Amino acid sequence: MDNPLVQPDPGLFIWTILTFLVLVALLSKFAWRPLLEALDSRQQAIRKALDDARQAEQELERLQQESAQIVRQARLDADGIITRTRDDAERLRAEMKQKARVEADAVVKNAERQISLKTARALQQIRTEAVDLSVMIASKIIQRNLSKEDNERLIDEALKQVQNRSH
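On a predicted model such as this, the values are computed, not experimentally measured, just so you know. (Residues numbered from 1 in each chain as written. Predicted model: local features only at pLDDT ≥ 70, side-chain atom pairs only at ≥ 80, totals over all residues. Heavy atoms only, no water.)

(A) How the structure looks around the overall build of the chain. Looking only at helices and strands, one finds 2 helices and 0 strands in the chain. Rg of the C-alpha trace for the chain: 63 Å, well past the compact-globule value of 15 Å for 167 residues, more than 25% over. Taken over the C-alpha atoms alone, the chain extends approximately 200 × 30 × 20 Å along its principal axes. Residues classed as buried in the chain amount to 3% of the 167 residues present. For the chain, the centre of its 27 positive side-chain charges and the centre of its 26 negative side-chain charges are spaced 10 Å apart. (Helix = DSSP H or I, 4+ residues; strand = E, 2+ residues; numbered from the N terminus. Rg over C-alpha atoms; globule rule 2.2 N^0.38 Å. Buried < 20%, exposed > 50% of the residue type's maximum accessible area, 1.4 Å probe, protein only. Lys, Arg positive; Asp, Glu negative; His and termini not counted. Charge placed at Lys NZ, Arg CZ, Asp CG, Glu CD.)

Here it is, written out as structure tokens:
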């Protein structure tokens, strides 16, 4: 039972250790160092990504606060504009009412003046016609010194003439 695989061979043992050390040296130089550098760079990239994510989150929070402030300010501005618009509309309505009152007063005064003038003219015309009628009646009475019945008849005729003139 001499199995060569089970028996220790010092030459093979030395070559195996030597090969192992050479392999470890080669792996450390060509594999582990680049692998560790890759892991290190990956770790730095992850840290940077986390920092960027935190910064983005802070920036997003700041932007949300800023957006909320802008919305609040916009609402305040809109409320102010609405209030000013209502005030302006109320002021315009009051001015229009005042202007309408002034114009209505002017129209009424003008109408009253026109009525007054027409009334004065009508009264003047009535006075003139009354004077004319009186003069006519007086002249007819004077021309004919007639009886009382004749005078009444002349007055009736004069009144009929005046009525015919006005129609």
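Structure shown, so let's carry the discussion forward.
(B) Representation of the pattern of salt bridges within the structure. Considering all chains together, one arrives at 6 salt bridges under this definition. Measuring nitrogen to oxygen at the nearest pair gives 2.4 Å for the salt bridge that ties R62 to E59. Taken together, the residues span about one helical turn, with R62 and E59 both in helix α1 (residues 10-143) at a distance of 3 residues. The residue D88 makes a salt bridge to R91 at a minimum N-O spacing of 3.0 Å. Here D88 pairs with R91, and both are found in helix α1, just 3 residues apart, close to one helical turn. For D88, a relative accessible area of 40% corresponds to the partly exposed category. Overlapping salt bridges, with partners in common, bring together E59, R62 and E66 in one network. (Salt bridge = Lys/Arg side-chain N within 4 Å of Asp/Glu carboxyl O.)

(C) Local environment of the environment of E59. Using a relative accessible area of 34% as the deciding quantity, one classes E59 as partly exposed. Along the primary structure E59 and A89 are separated by 30 residues, whereas in three dimensions their C-alpha atoms are 44 Å apart.

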